[in-house]
Every structure is written in structure tokens, then in C-alpha cells.
Amino acid sequence: MAFWSSTSVLTSKVPRKILFMFTLSLSVTYLFYSLMSCYNSQLQFPLQENYVYQARLVTEETTFVTLREKLYSTASRAYFDEELIERTATEQTLIFSTDKRDAARAEERTAGWDRAQAATTTSSSSSSSFHSAADAAAAAVEKEHQDFSTTDSDLSLRRAPNCTSDYGEKKLPQAIIIGVKKGGTRALLEALRVHPDVRAVGNEPHFFDRNYERGLDWYRDLMPSTLEGQITMEKTPSYFVTNSAPKRIHSMAKDIKLIIVVRNPVTRAISDYTQTLSKKPEIPTFEVLAFKNRTLGLIDASWSALRIGIYALHLENWMQYFPLSQMHFVSGERLIVDPAGEMAKVQDFLGLKRIVTDKHFYFNKTKGFPCLKKPEDSSTPRCLGKSKGRTHPKIDPDVIRRLHKFYKPFNNMFYQMTGQNFQWEMEEGGESPGSRD
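Within each chain, residues carry numbers counting from 1 in the order of the written sequence. Local features in this predicted model are restricted to residues whose pLDDT is 70 or higher, and side-chain atom pairs enter the listing and the counts only when it is 80 or higher, whereas totals over whole chains, interfaces and linings include all residues. Excluding hydrogens and water, the side-chain figures rest on all heavy atoms present in the structure.

Novice: Would you explain the overall build of the chain in this entry?
Specialist: Across its full length, the chain carries 13 helices and twelve strands. Each residue is placed in one exposure class: buried if its accessible area under a 1.4 Å probe, protein chains only, is under 20% of its type's maximum, exposed if it is over 50%, and partly exposed if it falls in between. Expressed as a percentage of the 437 residues in the chain, the buried residues total 41%. When the accessible surface of the chain is totalled, it reaches about 24200 Å², and 56% of it is carbon and sulfur. In this text, helices come from DSSP runs of H or I with a minimum length of four residues, and strands from runs of E with a minimum of two, each type numbered from the N-terminal end. Accessibility throughout is a Shrake-Rupley quantity obtained with a 1.4 Å probe, and a residue counts as covered only by protein chains that appear here.

As C-alpha cells, then:
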């Protein structure tokens, strides 16, 4: 009985110890896994957030590229809504600012994660690697945002040096109205500026005759910003009579398009004189300036008002550098009586769609030439300023007849050179139509 009693006691004590040890081991194991689970969740949270942030950066960068592509797309370049561009750019800036705040918060979480990882050697190296990647991505987007106000020619990271904040690029002109003075160059330029694919300087730069030493960068900076597909233009009528201008322009752009507005040289000379007279009332009369010796009938061809009208002489200089295919001659007379017809030819020459039509013009009887208006409204037409439309002084008909005789051989030579007959000889009996400045 004693044996069984001792055996019973032993067997009753052993299972309790085993049960206790088993329970303790289970508790420790559960606690260990609970701690590890909590630790892992804290470890992975910043990592997930940074991956989300990195994805946001990629999306934002893609948005900037898409905007640039839309900005320079062929379909929309001529009619791009600048207000929409500015609004989109503002929205992009706001989004970017929000992302920068998100980035700061993410970096704070990452810093806390780095401190937690300091105790674990294996995790610290991966933390450093990822942090560098995040910094590189943030730097890339920061540079993208800084460069967004500029544009690039090949959608690469290199930026064009002459880009501007109005989403265009300043370029050297692809076409120039080179002459002639008092031929109708201002009227032509203003009509061309109505076209959405033409951007032109309002003032005359006088680069190739007076400011050439300033350099092409100075000249380019005068130009308006243009989008892809738009034409940059300027007009300086004195180029046509400047001997050095053809060579200088040719060295800038061999394929440039040149427009010359010509007018009956007799009427042009009187218009030239009228302009000078309005500024210097004390100058001699037209008859006195036109002749070296009126009794002998010797014309003073050295007088600039008369010399400009020897078109063949000046054209010969230009033809040494440019073929006729790169020149277009506009009739100053037809520009007055049929502005839409002349504008159609000019738009064809420049490779533009015929947008400027007869709907844009209204003939002003008081001024004696057409004025511009918007075809979609009935507002007052926009005419050239007070310096245009001056009435010419009365000139002795004998002087006009002698000048027509003087110009006739030069006019015929000009007709042969250009292949166009401007029919100025039909006006020998008096001053040509449009006897206004």
C-alpha cells in the first residue's frame, strides 16, 4: 500500500511541472510573436508611405511632360488658350506644394524609422539605400518644377536658353518685310499680325542697318515669343536700300523669306517728302529738291526720296544672295484697292492658311485706305495712326511727268527682274491712285 501511495504522489506531481513548463513556453512564444508582429507593422509603415510618395512623384513628373506635349502639339499650337495654360500651371504648382509637404512628413517618418533601425544592422543598409532613392526622386521633381516655365526642343532635360514665361520661345525671324519705305509696309504688317500664326515686332528693329554690332542675341531678344509652328517676323523698310543688309541677313538665315512692298516710285517719293515736311516745315519744296537743274531737266538721283524708287538697282544687290523664290513683291496700289487679294498671296507665300480675308477690312474714305476690323463684330474699324493718310502737297504736273520719264527704264528693268508688271506707266498723266502718305 505504501508503494502505490508513493507512486500515486509522484505521478500526480510530474504532470503539473510539465503542464507549467508547457504553459510558460506557450506564453513566451505568444508574447514573442506579438512583439514581432507589432514591430514589423511599425517597420513597414514608413516604407509603404515612401513607396506611395515615390509613385506620386512619378505621376507628377508625367503630368508635366504631358502638359509640354499638349503645349507643343501641332493641332493646338495656333489657338492655344493662354489663360488655360496659366491656370494649369497654377494647379500644378499647388499640387507640387502639397506633395512637398507630404514629402516632409514622409521624411520625418523615415527619420524615425532610421532611428528604430539603428539597432538592426541588416535593416540599416536597406534604409540608407531607399532614403537615397527618395532624395534623388524628390530632387528630380524639384528640378522639373523649377524648369517648368521653360520649354525644350526635344522634350529632354536640357532647356532652350530663350524660353519665356508665356510658354513660347524667342527665335530669329523666319520672314522679314525689308521694304520699301512709304510703300505700305505698316499696313501689311498690321494685317499680318491679325493672323494667329504670325508674331511680329511692332517697332522697326533696324538691326541690319543701324544696330548690327549689338549681335544676334540682342536681335533675338527683341522678338516676341512664339509657339512651334508660328512665324516670327519684323519689318524695317530701310533694309531694302542698305548695301550691307543682304549679306548680313543671308549669314543669319539663308532660307529666310523676304517681302518687299513696292509702289509707283513717283507717288512713293512724294509720300516720302510729305512725311519729312510734316516734321520739318522749313525744308525746300519738292520741285527744288528733285532737280539738280530744272531748266536742263537734270534729276537729282542722290536725293534719298528719289533714289529709293530705283527698285532695280537695289534688287540687284539682293539677288546676289537670295533667289527670287524667297522674295515676294506686294503691290502698294493693290494693297489699297484690294487688301484681301494681296493678303491671300502673302499668306500663301508664307505657307499660312488664308485666315485674313475681306471680312477683316473696311475702306475708310476719309483716310483713303482700308482699316482693319474683327469680322465677328461690328465694332469701329482700327485704322493706322495720324501719321498715315496725310494729303500730299500739290506738285507741278510737269515735274511729275519728268519723274515718270526718269523712272521708266528702271521700272521696265524691275518688271523683267521680278517677272511682274506693276503698270506704273499707266499713271504718267498724273499722280497715282492713293495720293496720300
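Novice: I tried to follow the confidence of the model for the chain on my own but got confused; where do I start?
Specialist: It should be kept in mind that the predicted coordinates are not to be read in detail where pLDDT is low. pLDDT measures the predictor's confidence residue by residue and takes values from 0 up to 100. Summarising the model, the chain shows a mean pLDDT of 73, and 58% of its residues fall at 70 or more. Confidence drops under pLDDT 50 across residues 1-11; counting only partners more than four residues distant or on other chains, this segment forms zero contacts. In this description, contact between two residues means that some pair of their heavy atoms is separated by no more than 4.5 Å. Across residues 38-107, confidence stays below pLDDT 50; counting only partners more than four residues off in sequence or on other chains, it has 70 contacts.

Novice: Quick question: what am I supposed to make of the sheet that holds strand β7 (residues 257-262) here?
Specialist: Hydrogen bonds between backbone atoms are what pair the strands of a sheet, whose relative direction is either parallel or antiparallel. At least two bridges found by DSSP between two strands are what make those strands a pair. Strands sit in the order β4-β6-β3-β7-β10 across an open sheet of five strands; the sheet is parallel. In the strand order of this sheet, the two ends are held by β4 (198-200) and β10 (327-331), each with one partner. Averaged over all pairs of adjacent strands, the angle between their axes in this sheet comes to 25°, without regard to strand direction. Where β7 and β10 come together, five bridges link them in parallel fashion. Residue pairing in the sheet places L258 in a bridge with M327 of β10. Along the sheet face, helix α10 (residues 311-318) touches β3 (175-179), β7 and β10 and points at about 160° away from the line of β10. For helices, the fitted axis covers only the stretch in contact; all axes are lines through C-alpha atoms, and the angles between them, taken along N-to-C directions, range from 0 to 180 degrees.

Novice: Quick question: what am I supposed to make of the nonpolar core here?
Specialist: General note: in soluble globular proteins, nonpolar side chains tend to be found buried as a group. Formed by 32 residues in total, the largest nonpolar core has its most connected members in I178, F208, Y239, I249, W318 and F414. Listed by contribution, the elements that provide at least two residues to this core are β3, α6 (245-252), β7, α10, β10 and α13 (397-418). If you tally residues by element for this core, the top one is α10, at four residues. Setting aside its immediate chain neighbours within four residues, I249 contacts I176, I178, F208, Y239, I256, L258, W318 and F322. Here, nonpolar core refers to any group of buried Ala, Val, Leu, Ile, Met, Phe, Trp, Tyr and Cys residues whose side-chain atoms link them within 4.5 Å.

Novice: Looking at this model, I keep getting lost on the environment of K292. Mind explaining?
Specialist: Positionally, K292 belongs in strand β8 (residues 291-293). Its relative accessible area of 61% is what places K292 among the exposed residues. Sequence spacing of K292 and W303 is eleven residues, and the spatial spacing of their C-alpha atoms is 9.8 Å. Beyond its immediate stretch of four places on either side in the chain, K292 contacts L298, I299 and D300.

Novice: Can you help me understand the environment of G179 in this one?
Specialist: Of note, G179 is situated in strand β3. Taking the C-alpha atoms as reference, G179 lies 9.6 Å from F329; in sequence the two are 150 residues apart.

Novice: Looking at this structure, I do not really get the packing of aromatic side chains. What am I missing?
Specialist: Ring pairs (aromatic) are described by centroid distance and by the angle formed between their planes. Two rings from Phe, Tyr or Trp (for Trp, the six-membered ring) form a pair when their centres are within 6.5 Å of each other. A pair whose planes differ by under 30 degrees is stacked, one over 60 is edge-to-face, and the rest are tilted. Throughout the structure, instances matching the rule amount to 21 aromatic pairs. Taking the centre distance of 4.8 Å and the plane angle of 75° together, the rings of F207 and F208 count as edge-to-face. The exposure class of F208 is buried, given its relative accessible area of 0%. Among the aromatic side chains, those forming a connected cluster through ring pairs are F207, F208, Y212, W218, Y219 and Y239. The ring of F349 has K257 sitting right over it, with the charged end atom 5.6 Å from the ring centre. Charges are assigned to positions over rings by a cutoff of 6 Å between ring centre and Lys NZ or Arg CZ, combined with an angular limit of 35 degrees from the ring normal.

Novice: How do you make sense of the pattern of salt bridges when you look at a structure like this?
Specialist: Pairing between side chains becomes possible if they bear opposite charge and their charged atoms approach one another. Any Lys or Arg side-chain nitrogen located within 4 Å of an Asp or Glu carboxyl oxygen qualifies as a salt bridge. For the coordinates displayed, the defined rule picks out 13 salt bridges. As a salt-bridge pair, R220 and D217 come within 2.9 Å of each other at their nearest N and O atoms. Of this pair, R220 and D217 both sit in helix α5 (residues 216-222), three residues apart, which is roughly one turn of the helix. Among the ionic pairs, D348 bridges to R354, the shortest N-O distance being 2.4 Å. On the accessibility criterion, D348 (41% relative accessible area) is partly exposed. Taken together, the shared-partner salt bridges connect K181, R268 and D272 into one network.

Novice: What should I look at first to understand α10 in this one?
Specialist: Given 3.6 residues per turn, any residue in an α-helix points the same way as the ones three and four places further on. Among the eight residues of α10, six are classified as buried, and the element is accordingly described as predominantly covered. Those residues of α10 that fall on the buried side of the exposure criterion are Y311, A312, H314, L315, N317 and W318.

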